[in-house]
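# A structural walkthrough
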Amino acid sequence: MAEEEAKRGSGTLAVHAGTDGAQPHGTVALGIFRTSTYTFRDTAELCAHMTGERPRMEYGRYGNPTQAAAEAKLAALDGAQHALLFGSGMAAVTTTLLAMLRQGQHIVLTDDCYRRTRQFCVQILSRLGIEHSIVPTTAEAVAAALRPETRVVLTESPTNPYLRVADLPAIASVLRGHPAKLVVDSTFATPINQRPLSQGADLVIHSATKYLGGHNDILAGVVSGGPIVEAIRDLQAILGGIVDPETAWLLVRGLKTLPLRIAAQNATAQRLAERLEADPRVARVYYPGLPTHGTHEVARRLMSGYGGVISMELRADLAGTSRFIDATRIPQIAPSLGGPETLIEQVALMSYFELTTEEREALGIRDSLVRLAVGLEDAEDLERDLVAALDAIGPAHR
Ligand SMILES: *Cc1c(COP(=O)(O)O)cnc(C)c1O
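Rules behind the numbers
- Residues numbered from 1 in each chain as written.
- Predicted model: local features only at pLDDT ≥ 70, side-chain atom pairs only at ≥ 80, totals over all residues.
- Heavy atoms only, no water.
- Disulfide = S-S within 2.5 Å.
- Core = buried A, V, L, I, M, F, W, Y, C linked by side-chain atoms within 4.5 Å.
- Buried < 20%, exposed > 50% of the residue type's maximum accessible area, 1.4 Å probe, protein only.
- Helix = DSSP H or I, 4+ residues; strand = E, 2+ residues; numbered from the N terminus.
- Domains from an automatic or database assignment.
- Near = heavy atom within 4 Å.
- Polar contact = N/O pair within 3.5 Å; in protein donor to acceptor, adjacent residues only side chain to side chain.
- Areas by Shrake-Rupley, 256 points an atom, 1.4 Å probe, with all protein chains shown as cover.
- Nonpolar A, V, L, I, M, F, W, Y, C, P; charged D, E, K, R; others polar.
- Pairing = 2+ DSSP bridges.
- Buried area = accessible area lost by both parts, 1.4 Å probe.
- Salt bridge = Lys/Arg side-chain N within 4 Å of Asp/Glu carboxyl O.
- Axes fitted to C-alpha atoms, helices over the stretch in contact; angles between N-to-C directions.
- Parallel < 35°, antiparallel > 145°, perpendicular 65-115°, else oblique.
- Left-handed = near helix turned anticlockwise from the far one by under 90°.
- Contact = heavy atoms within 4.5 Å.

### Points about the state of the cysteines
One covalent bond between the sulfur atoms of two cysteine residues makes up a disulfide. Evaluated as defined, the whole model comprises 0 disulfides. In this model Cys121 remains outside any disulfide bridge; the closest cysteine sulfur is found in Cys113, 7.3 Å from its own.

Here it is, written out as structure tokens:
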């Protein structure tokens, strides 16, 4: 099966991988196995399980058939040997890092990364005697930060909010001969737009809350890769950041349409990015599919689509930018991304509310920065709505 699967396209894998085969009662759809524990017929069966002679489900924290089906589908999509599901993206990030690092070791983290991931390294890992370096998303910066005791290099790609695409083969070549593993948070790319494991990454993490679930209705996370995933599973059995069967089922349902949704979101985002970049009221658009983006060449080399998130700076102050956001009719004001509904946020207020304009500028976040997570609405409707909302900025252009 694995060999045949390797030849199949993402659409076929998304529909069939991991969820085909003998379902109880011949159902086409996967069943939800809502159970916290499993019975053994007799002591002989228990012993055969314990010795590994006939391994099977035992207790909900160690696995569930619905979860196993979702993991098989995710592994196929990521081109991985193993995948492990979690109750959230952050459970995947934290459990993975705790499994890979111990006292006296060091992690290199690229900047422009998910704020909670950075907080975990800065506030929690440091308490355990694990040091960190936060560097720009380039192979040169990673090389300069490497120490003999570095065990993990963690990068996101594309990054948030500036959508920089990491040159994974270049970073992987810097790590050749070094014990550090390359871990890529690929939430913004998804396996449809990029396969980091084939570009030098050792592990790939996704917040399945975003595109993989795809409907703004679940929280989940996943880590995919080689045998190290099974070591992470052993730690999950202790830490307990597991996914429940119903969520795993919703993820399987969402994954079946992942390639279609991503294709639509890629296309709409590209069209909107080009239109917004041409508008005099927009100072700058950050989208890896635009030739003006700093990492466009890397994106062209490594990605097959540029994703559904666009960031832009308006020619407006804090209040003018808020007027634009409030004037849009289709996008909803919310954090997150990857669902059918287009979501919009003024980054200064959604993620950096407690800071002053000057403090935000020091972090590289302008008051006029807007992040648009494109959904599945018609591109023309979104375009008309966004262009009309730009009128609300008013004459106070910067
Ligand atoms: C959302 C997100 C996370 C965290 O995932 P949750 O499912 O919200 O816990 C981690 N990394 C990136 C890039 C994200 O966008």
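Having seen it, we continue.
### Quick word on the nonpolar core
Counting 33 residues, the largest nonpolar core has Leu74, Leu85, Leu212, Leu251, Leu255, Leu258 and Val309 as its most contacted members. The set of elements that each furnish at least two residues to this core consists of helix H2 (10–16), helix H4 (65–78), strand E1 (82–86), helix H11 (245–255) and helix H12 (258–277). Among the elements that line this core, the one with the most residues is H4, at 6 residues. Split by domain, the residues of this core number at least three in each of domain 1 (2–255) and domain 2 (258–393).

### Re the site of the ligand
Every residue near the ligand is listed here: Ser88, Gly89, Met90, Tyr114, Glu156, Asp185, Thr187, Phe188, Ser207, Thr209, Lys210 and Ala220. One of the backbone nitrogen or oxygen atoms of Gly89 is found 2.8 Å away from an oxygen atom of the ligand. Measuring from a nitrogen atom of the ligand, one finds a side-chain N or O atom of Asp185 at 2.7 Å. Coverage of the ligand by the protein amounts to 92% of the 380 Å² it exposes when considered alone. Its residues assigned to classes, the shell around the ligand comprises 4 nonpolar, 5 polar and 3 charged.

### Overview of the pairing of strand E6 (residues 203–207)
With 5 of 5 residues buried, E6 is to be regarded as a mostly interior element. Judged by which residues are buried, E6 turns out to be covered on both faces: Leu203, Ile205 and Ser207 on one side and Val204 and His206 on the other are all buried. Direction of pairing for strand E5 (residues 181–185) relative to E6: parallel, over a ladder of 3 bridges. In the strand pairing of E6, Val183 is matched with Leu203. Pairing of E6 with strand E7 (residues 221–225) involves 5 bridges; the strand directions are antiparallel. Opposite His206, over in E7, you have Val222 as the bridge partner.

### With respect to the domain arrangement of the protein
Size of an interface, as often reported, equals the accessible area lost when the parts are brought together. If you check the domain split of the protein, you get domain 1 (2–255) and domain 2 (258–393). A C-alpha centroid distance of 28 Å is found between domain 1 and domain 2. Around 2,800 Å² of area is buried between domain 1 and domain 2 when both sides are counted, 58% of it from carbon and sulfur atoms. Its largest share of buried area at the contact with domain 2, domain 1 owes to Tyr162, Asn193 and Tyr211, together 28% of the area lost on that side. One can count 2 salt bridges joining domain 1 with domain 2. Linking domain 1 with domain 2 are 20 residue pairs in polar contact (both at pLDDT 80 or more).

### Some details on the packing of H12 against helix H17 (residues 379–390)
Packing of H12 against H17 leaves a shortest axis separation of 10 Å and a crossing angle of 30°. Taken as axis vectors, H12 and H17 run roughly parallel relative to one another. The hand of the H12/H17 crossing is right-handed. Here Thr268, Arg271, Leu272, Arg275 and Leu276 of H12 lie close against H17, whose contacting residues are Ala379, Glu380, Leu382, Glu383, Leu386, Val387 and Leu390.

### Here's the deal with the sheet that holds strand E4 (residues 150–156)
The strand order across the open sheet formed by 7 strands is E1-E7-E6-E5-E4-E2-E3, and the pairing between neighbours is mixed. Edge positions in the open sheet fall to E1 and strand E3 (131–135), since each of these has one partner strand only. Taken pair by pair, the neighbouring strands of this sheet meet at an average axis angle of 20°, ignoring direction. Taken together, the 5 bridges between E1 and E7 define a ladder with antiparallel strand orientation. When the bridges of E7 are listed, Ala83 appears paired with Ser224.

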